Structures are given as structure tokens and as C-alpha cells.
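Here are the chains, one letter per residue:
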Amino acid sequence: MLETHLKEVEAKIQAACDRAGRKWEEVTLIAVSKTKPIEMLQEAYDLGVRVFGENKVQEITAKYDALPDDIHWHMIGHLQTNKVKYIIDKVDLIHSVDSVKLAETIEKEAAKHNLTANILIEVNVAQEESKFGLKTEEVLPFIEKIANFEHIKVCGLMTIAPFVDNPEENRQIFANLHKLSVDINEKNIDNVYVNILSMGMTNDYEVAIEEGATMVRVGTGIFGARNYNI
Ligand SMILES: *Cc1c(COP(=O)(O)O)cnc(C)c1O
């Protein structure tokens, strides 16, 4: 099952890249494994998956300990400042930075470990549904505030688009995030070059790729529906 699903997703990524005249290597598939058991992640690992996305600190730390060390863990969910310390040395990328307070905490914890934390800024482009993320117009001032943090590298932008019946409805959201990244890079802020666009989930990752996504976060499409009642 998992193998079939994974192959299907990979084929759709390739097809979307072809339609957009982009290369397959430009797009990283993040396997969103939240709520799924270790055995299922191991199965995906055995099929070659090395990048996993999780949205809970506790789940990352437990899975991190149980699975091989060459996995790249991405924190894709809302992150509370008091929990940064548990994952700072375990994740390759934090997708969900949306406050100065959180950035300050990441800076402090990264300094303790003498590492540079790679982060994305979460942008609530759609301005509905999700209560997290900065508004589009808040992003540039925010970047200017944190650009000189020595232990943080702002690598790009992330957005969660609404769940819609027709993924075409989200195309403009993805195009807007792309445009925002271009605008930011044109400002030539010291230490800041945003080249990661984390956008697109099971329902809409093909459209996101057509609009420039460099990371897509796919859970259900790979692992099947989640059961939150267990
Ligand atoms: C759960 C989740 C995903 C994956 O959602 P699917 O619809 O299952 O692909 C992607 N991004 C974030 C931030 C999530 O929390």
C-alpha cells in the first residue's frame, strides 16, 4: 500500500514539474508522518524516504530516538517557545516561525548548541482557517528584525492553504507566497536569501509545484488517512 502510494505521489510530482518546466530535484517531498506508528515510518524509510515532517515536539523526539540517524526531521507544526529546547538539535528545518518571541528562543537555544537553526517563516496568505502565521505585510518587517540573529538562517517561507474541493482555488495563494519571496530577495537584506517555498499538501501539492513550491508536505497521500481517536 505505502509503496504504491509513494510511487503515485512521486509520479505526480514529476508530472507537475514537467508541466511547469521545472526539474524534479528542485522539489523535496516531505513525508508527513504525524500520528503514524514507527513501523510505518520504517517502511517508508526502507523505500528510500529520508525527509519526515512532524507537528508535535513529543512525537519528533520519540521517533528520532527510534529511527535511523540519517533521517532529516522537519518541524512543520506550531511550536511553543518552551519546547524549542527539545528539538533544536534534532530537526533540520523549522517551518513554522511566526513570532519574534519564538525566533528569540530559537536563537538562544541554537547558540547553546553552537549551531545554526534553519527556519522558514509561516505566512497566513489566505488569512482564514489557520490562526498561525504572519500576515503577508508583516513578513518583511519581521525578517528585518531577525536578520542579524547569529544562530538563525531564514531559508524561506511556508504556508498552509485552506482545505478546498478544487485545488485550483489555492493557486493564487501559492502564487502570492512565491511573489512575496521574490519581493524579499529584491530587498537584498544582509544574511537573507529565501529560496525555500514550503507549500502544498496532499490535496493541492501539484498546483503548488506549478506555482514554485520547493518543498511539498504530503501526509495522507503517502500514509493514508489519520485516525485521531486512538
Ligand atoms: C498534517 C500536515 C500536512 C499534511 O497534510 P495532508 O493533507 O495529510 O497531506 C502538511 N502540512 C502541515 C503543516 C500539516 O500539519
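Notes on the structure follow. This structure is a prediction, so every number in the text was calculated from the model and none was measured.

### Notes on the environment of Thr-81
Inspection of the secondary structure puts Thr-81 in the loop between β3 (72-75) and α4 (84-87). On the basis of relative accessible area, Thr-81 is assigned to the partly exposed category, the value being 22%. Every residue in contact with Thr-81, bar those within four places of it in the chain, is listed here: Lys-101, Leu-102 and Thr-105.

### Some thoughts on the side chain of Asp-98
By secondary structure assignment, the location of Asp-98 is in the loop between β4 (91-97) and α5 (100-112). The buried charged residue Asp-98 lacks any salt bridge partner; its closest oppositely charged side chain belongs to Lys-101, at an N-O distance of 9.9 Å. Engagement of the side chain of Asp-98 in a polar contact is seen with the backbone nitrogen of Gly-133, the distance being 2.9 Å. Setting aside its immediate chain neighbours within four residues, Asp-98 contacts Glu-122, Phe-132, Gly-133 and Leu-134.

### Thoughts on unusual backbone geometry
At Thr-35, a residue that is not glycine, the phi angle is positive and equals roughly 70°. Mapped onto the elements, Thr-35 comes out in the loop between β1 (28-32) and α2 (38-46). The class of Thr-35 is partly exposed, set by a relative accessible area of 27%. Non-glycine residue Asn-188 carries a positive phi angle of around 50°. Note on placement: Asn-188 falls in the loop between α7 (171-186) and β7 (196-198). By relative accessible area, Asn-188 is classed as exposed at 63%.

### What about helix α1 (residues 2-20)?
In a regular helix each residue adds 1.5 Å, so 19 residues correspond to 27 Å; α1 covers 27 Å between its end C-alpha atoms and thus fits that length. Among the residues of α1, those classed as buried are Leu-2, Leu-6, Val-9, Ile-13, Ala-16 and Cys-17. Angularly, the buried residues of α1 cover 100° about the axis, an arc narrow enough to put them on a single face. In the segment just after α1, Gly-21 is the residue with positive phi, at about 65°.

### Topic: the pattern of salt bridges
Any two side chains of opposite charge can pair, on the condition that their charged atoms come close. A complete count under the given rule lists 13 salt bridges for this structure. Arg-171 is the salt-bridge partner of Glu-168, the closest N and O atoms lying 2.8 Å from each other. Under the relative-accessibility criterion, Glu-168 is labelled partly exposed at 41%. In this structure, Lys-179 and Asp-183 form a salt bridge, with 3.0 Å as the shortest nitrogen-oxygen distance.

Procedures and definitions
- Residues numbered from 1 in each chain as written.
- Predicted model: local features only at pLDDT ≥ 70, side-chain atom pairs only at ≥ 80, totals over all residues.
- Heavy atoms only, no water.
- Helix = DSSP H or I, 4+ residues; strand = E, 2+ residues; numbered from the N terminus.
- Buried < 20%, exposed > 50% of the residue type's maximum accessible area, 1.4 Å probe, protein only.
- Contact = heavy atoms within 4.5 Å.
- Lys, Arg positive; Asp, Glu negative; His and termini not counted.
- Salt bridge = Lys/Arg side-chain N within 4 Å of Asp/Glu carboxyl O.
- Polar contact = N/O pair within 3.5 Å; in protein donor to acceptor, adjacent residues only side chain to side chain.
- Expected span 1.5 Å × (residues − 1).
- Arc of directions from axis to C-beta.

Purely geometric numbers; function is a separate question.
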